[in-house]
Amino acid sequence: MSSENHGTVKGDTALVMSPTGSATQGSPVSPSTSKPMTELPNELVQAGWSKCWSKRENRPYWFNRCTNQSMWEMPVLGQHDVISDPLGLNAASVEGAGDDGVGNRQRKRRLSEDAAQGGLNSFKRPKIEIGIPVTPTTPTVPISPVTPRAKPWNSTTGTEDKPGQPASALYRPTIIYWDLDIQTNAVIRERAPANHLPPHPEIELQRAQLTTKLRQHYQELCYQREGIEPPRESFNRWLLERKVLDKGPDHLLPSDCDPIISRSMFREVMNDIPIRLSRIKYKEEARKLLFKYAEAAKKMIDSRNATPDSRKVVKWNAEDTINWLRRDHSASKEDYMVYDRLEHLRKQCGPHVTAVAKDSVEGICTKIYHISVEYVRRIRQAHQTLLKDCNFMEAAEVQDRLVYCYPVRLALPSPNQPRVELHFENDISCLRYKGEMVKVNRGYFAKLELLYRYSCIDDPRFEKFLSRIWCLIKRYQVMFGAGVNEGMGLQGALPVPVFEVLNKQFGVSFECFASPLNSYFKQFCSAFPDTDGFFGSRGPFLNFSPASGSFEANPPFCEELMDAMVTHFEELLEKSSELLSFIIFVPEWRDPLTPALNRMETSAFLRHHMSVPAFEHEYRSGSQHICKKEEMYYKAVHGTVIIFLQNDAGFTKWEPTPERIQELLAAYQVSQRTLGSPVPSSTSSAPTMPSPASAGLSGNKDSTAAKTAPKRSTSLDTSPASQENSSSSCSPLENTTPPSEAASL
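Reference entry: report on the structure contained in this document.

The subject of this paragraph is the side chain of His383. With respect to the helices and strands, His383 occurs in helix H8 (residues 338-386). Among the polar contacts made by the side chain of His383, one reaches the main-chain carbonyl oxygen of Pro198 at a distance of 2.7 Å. Setting aside its immediate chain neighbours within four residues, His383 contacts Leu197, Pro198 and Ile203.

This is the structure:
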């Protein structure tokens, strides 16, 4: 069999089921034989099986493109899986050998014993019907990605499995980074279903294409108008900053902001004018950088419409610096004065350079915003056209009462979803729609299935599961960007031991900034309620108003977002007399001190704060859903400040006592795990910002294999944004961005 070509029989197509359960059947063409060719069930097709013809034996056989397994007899749903169990250790003897299609010594999986034990992340196994022929009238659903030949997700999860019927075996990773069994203590007021348009792969694909074009426009404008590359990660931070203010309908692209000019984008582009100041390793590099800056400042002031005084000041300082560099220095001590010279030159020339570039940079910010508005209009129009036949559901009347928090519900029902293909490449789950493939670690795919079971109420048969996962991963992929390790700073997370201590000692059961990809608890806030709500998201945090509970917050390191977060914290603590506690993790940026950190350390609700030194603690990679196991953790090269904001009732219940603090610090120390190396930057001069989900302005725990600390230099670094990225920094030293949890608006 191995020497034959695995060519599928022409016309021998499987039943292709629509999301509503209807089927269309192609006319099979017999391969030069009068023997009838039986149809292949849809479950087997999605599991990788196809029907082929053996020219040597002159008869059909079945081949699995995922496992390279070939069989003379039609495969049976639920039989031995050579990928997850290559030795057949979990396979049991076939019961009822006389059943059709179970001959040829094939084996079925034995009953899973995990369901009855109720282990970690366990759930009741659905009933599995084996042996029922698939016909056009038999409703079928996408094959479970974790059980390639077992009938997948079923709505009968509340009944007991009958003896003799195999249960669906959920793929269980060897190491897990979440605990979905923890129940929430977060209480909110009951709310009506949201009016967000339900996600659809076609619309998500259009949004991805337009967002990519918008990034290209930004790059072209920076190069054409200012002759620079766009500051690294500045587009992602622009998205974060804009969504703090945006009132538009799209969850990714801004369309209704006031003011139109982004302070974040303006600041970061201006910091790279006239040239980007990169990290300096050697004295000669410092001398070259100083020379380039002087030349660029002089050239820029000559080519722009500057005042005579500005020209005079800039040209005199630039020529003086160039002459100083050309002199023959006898004392090596003068080499170290390059840093002071660069700082002095920036102070003298910076205001004049900023004045002549101001209109041009504001034009870049305005142009990008107006293009974004137009793209949002196109996306909205296409989405409404797609949903024109959908009607709003009549939701039950919302009562003014306190309830435990629950995922976002949509008022508009989801339309029929197109087919999304699924296959596995080793431990990676690959989902493809119209040639666009997204990937996720198979263990995290199993996590998403669990979250979907817990949170989704409109798809008991999992008919829309694959398309919704595709939309979810594609949304975060587009938000991160296409660069190497780009956007990973939006998805870093705290280590698992820290979450365990937070839950045990401080009752934390909710993450304010997370995504379905990086969350530890099954209840969290995230950036995109339309795609993430089916997987447990409570929506953007700035729109989430709990009355009580204990919360953890590790926001994306965007100045505007962190400042809005502090305002929201204080408003919630002010108006609630119930148990309310927030434990916040932010970078220790004190030179200069960021407004958000300053406000929290002087807040009336501050109960305790402490610092964890750099290189003495670790974070979980922002690319955890796709990275290798050895790259999961990395050392933090920046200090982290832990702040406790609590009202009186919360302080009484979850007081940060010395014993509890000591246990938290012990969990935060670098463990014996293999830590990843720092994230490589895409260019030698640009810093790397370390994984959204989920993400952004809503749930984000960020960073990739490793983050570089945003070192703030008093001499050259004067803006808070410069701590996040050296491209937006004025410092000659390259800054790197620390991890943060998924942004949640």
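Once the structure has been displayed, the description carries forward.
Moving on, we get to the nonpolar core. Formed by 116 residues in total, the largest nonpolar core has its most connected members in Ile273, Leu431, Leu502, Phe535 and Ile642. At 14 residues, H8 tops the list of elements feeding residues into this core. Leaving out residues up to four positions away in the same chain, Ile642 has contacts with Ile583, Ile584, Phe585, His608, His609, Met610, Val612, Leu664 and Tyr668. Formed by 35 residues, the second largest nonpolar core is a distinct cluster that contains Ile188, Phe544, Leu561 and Leu572.

Let us now look at the pairing of strand S4 (residues 59-64). The buried fraction of S4 amounts to five of the six residues, a majority that puts the element mostly inside the structure. Relative to S4, strand S3 (residues 49-54) is paired through six bridges, and the arrangement is antiparallel. Residue pairing across strands places Lys51 opposite Trp62, the latter belonging to S4. In this antiparallel pair of consecutive strands, S3 and S4, the connection spans four residues, and Asn58 shows a positive phi of 55°. Across three bridges, S4 lies against strand S5 (residues 69-71) in antiparallel orientation. By the bridge assignment, Asn64 is partnered in S5 with Gln69. Once S4 ends, the chain turns through four residues before running back antiparallel as S5, passing Asn68 with a positive phi of about 60°.

As a further point, take the packing of helix H11 (residues 496-506) against helix H16 (residues 658-668). Put simply, H11 and H16 touch, their axes get as near as 8 Å, and they point 165° apart. If you check the angle between H11 and H16, you find them roughly antiparallel. Note that H11 runs across H16; the crossing there is right-handed. Taken together, the residues of H16 that come into contact with H11 (itself represented by Pro497, Val498, Val501, Leu502, Lys504, Gln505 and Phe506) are Arg660, Ile661, Glu663, Leu664, Ala667 and Tyr668. In the contact of H11 with H16, the residues fall into nine nonpolar, one polar and three charged.

Looking now at the pattern of salt bridges. If you walk through the whole model with that rule in mind, you get 30 salt bridges. In this structure, Glu204 engages Arg207 in a salt bridge whose closest nitrogen and oxygen atoms are separated by 2.9 Å. On the criterion of helical spacing, the pair formed by Glu204 and Arg207 is a turn pair, its members being three residues apart in helix H3 (residues 201-226). A relative accessible area of 3% places Glu204 in the buried class. Of the charged contacts, one joins Glu449 and Arg453 as a salt bridge, the two residues approaching to 2.9 Å between their closest N and O atoms. With Glu449 and Arg453 both in helix H9 (residues 442-455) and four residues apart, the pair spans about one turn of that helix. Both residues of the pair, Glu449 and Arg453, count as buried. Taken together, the salt bridges that share partners define one network made up of Glu204, Arg207, Asp250, Arg475 and Asp530.

About the criteria used
- Residues numbered from 1 in each chain as written.
- Predicted model: local features only at pLDDT ≥ 70, side-chain atom pairs only at ≥ 80, totals over all residues.
- Heavy atoms only, no water.
- Helix = DSSP H or I, 4+ residues; strand = E, 2+ residues; numbered from the N terminus.
- Polar contact = N/O pair within 3.5 Å; in protein donor to acceptor, adjacent residues only side chain to side chain.
- Contact = heavy atoms within 4.5 Å.
- Core = buried A, V, L, I, M, F, W, Y, C linked by side-chain atoms within 4.5 Å.
- Buried < 20%, exposed > 50% of the residue type's maximum accessible area, 1.4 Å probe, protein only.
- Pairing = 2+ DSSP bridges.
- Axes fitted to C-alpha atoms, helices over the stretch in contact; angles between N-to-C directions.
- Parallel < 35°, antiparallel > 145°, perpendicular 65-115°, else oblique.
- Left-handed = near helix turned anticlockwise from the far one by under 90°.
- Nonpolar A, V, L, I, M, F, W, Y, C, P; charged D, E, K, R; others polar.
- Salt bridge = Lys/Arg side-chain N within 4 Å of Asp/Glu carboxyl O.

Treat this as a map of the structure, not an account of what it does.
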